[in-house]
Amino acid sequence: TSTDMLAGTTSSTTNTAWNSAGEVTSSTTAVAGIETVVSTTAYDAAGPSSVPCKPTSITVTTTRTGQPPVTVNTTFDYYPTTGALKKKIEFQDRPVQLITDLLYFPTGNLKRSTTSYTGLSPINNRVKIWTYDPKYRYPLTATKRWYNTALVDITESFTYDPKWGTPLTHISTDQLQT
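Report follows, based on the coordinates. None of these values were measured; they are calculated from a predicted model. (Residues numbered from 1 in each chain as written. Predicted model: local features only at pLDDT ≥ 70, side-chain atom pairs only at ≥ 80, totals over all residues. Heavy atoms only, no water.)

**Some remarks on the pairing of strand 6 (residues 70-78)**
Strand direction decides the pairing type here: strand 5 (residues 54-64) and strand 6, joined by six bridges, are antiparallel. In the sheet register, S57 faces strand 6, and the bridge partner there is T75. Hairpin connection from strand 5 to strand 6: five residues lie between these consecutive antiparallel strands, with G66 at a positive phi of about 80 degrees. In the sheet, strand 6 pairs with strand 7 (residues 85-90) via four bridges, with the strands oriented antiparallel. Residue T75 lies in a different strand from strand 7, and its bridge partner there is I89. The loop that links strand 6 with its antiparallel partner strand 7 comprises six residues; one of these, G83, has a positive phi angle of about 80 degrees. (Pairing = 2+ DSSP bridges. Helix = DSSP H or I, 4+ residues; strand = E, 2+ residues; numbered from the N terminus.)

This is the structure we're talking about:
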């Protein structure tokens, strides 16, 4: 139980069910007199693990006082060999879904993230691409690709101390260096 002294509200979260791996599969959060949020999560084994510890779906139902409940479902898909997240679909049960596809280098580092919406042209996708040092330890660039009457690439870059790996510089998308 926690109290928000500014808003004058009290909330409590209760975990109500677990799977065989000890993962919480159901929980309820109640904000006294305002809303109740019930979350249910289904898990599966992915990649080399036989333990069902990767969420495959999360359903969140929010009921505000005096209003009908609103349910949002998010699903997850994983690469079978590595168990890395392959796809996340938010608002799974709605006409317009937010879909994120992820692609990785063989080392496991994130290579590309593509965010799209059902019903929109692929030109409206948001793409982010990463490059790394030769040993794949540190990200060197992160490029956001989007369309605004023409294809636009916005890149931020990073440098690191070769011995300690600590960040030395960061050049932001607006070309400010820190």
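After that view, the rundown keeps rolling.
**Here's the deal with the pattern of salt bridges**
Across all of its chains, the model carries six salt bridges by this definition. Between K87 and D101 there is a salt bridge whose closest N-O contact spans 3.4 Å. Placement of the pair is K87 in strand 7 and D101 in strand 8 (residues 98-104), with a sequence separation of 14 residues. Look at K87 and you get partly exposed, because its relative accessible area is 29%. Measuring nitrogen to oxygen at the nearest pair gives 3.1 Å for the salt bridge that ties D133 to R137. (Salt bridge = Lys/Arg side-chain N within 4 Å of Asp/Glu carboxyl O. Buried < 20%, exposed > 50% of the residue type's maximum accessible area, 1.4 Å probe, protein only.)

**Topic: the environment of L151**
Tracing the chain through its elements places L151 in strand 12 (residues 151-160). The exposed category is assigned to L151, whose relative accessible area is 60%. Ignoring any residue separated from it by four or fewer positions in sequence, one finds L151 in contact with R145 and W146. (Contact = heavy atoms within 4.5 Å.)

**What to know about the packing of aromatic side chains**
Summed over the entire model, instances satisfying the criterion amount to five aromatic pairs. By the ring-pair criterion, three or more aromatic residues cluster together here, those being F105, Y132 and Y136. (Phe/Tyr/Trp six-rings, centres within 6.5 Å; stacked < 30°, edge-to-face > 60°.)

**Let's talk about the environment of P69**
Locating P69 in the fold gives a position in the loop between strand 5 and strand 6. Separated by 32 residues in sequence, P69 and V37 have C-alpha atoms that sit 9.3 Å apart. Leave out the neighbours within four places in its chain, and P69 touches T61, T62 and T63.

**So, the pairing of strand 5**
Relative to strand 5, strand 4 (residues 35-44) is paired through ten bridges, and the arrangement is antiparallel. The partner of E35 across the bridge, within strand 5, is R64.

**Digging into unusual backbone geometry**
If you check the backbone angles, Y136 has positive phi at about 60 degrees while not being a glycine. By the secondary structure assignment, Y136 is in the loop between strand 10 (126-132) and strand 11 (139-147). Taking relative accessible area as the criterion, Y136 reaches 30% and is therefore assigned partly exposed.

Shape is all these values report; function is a separate question.
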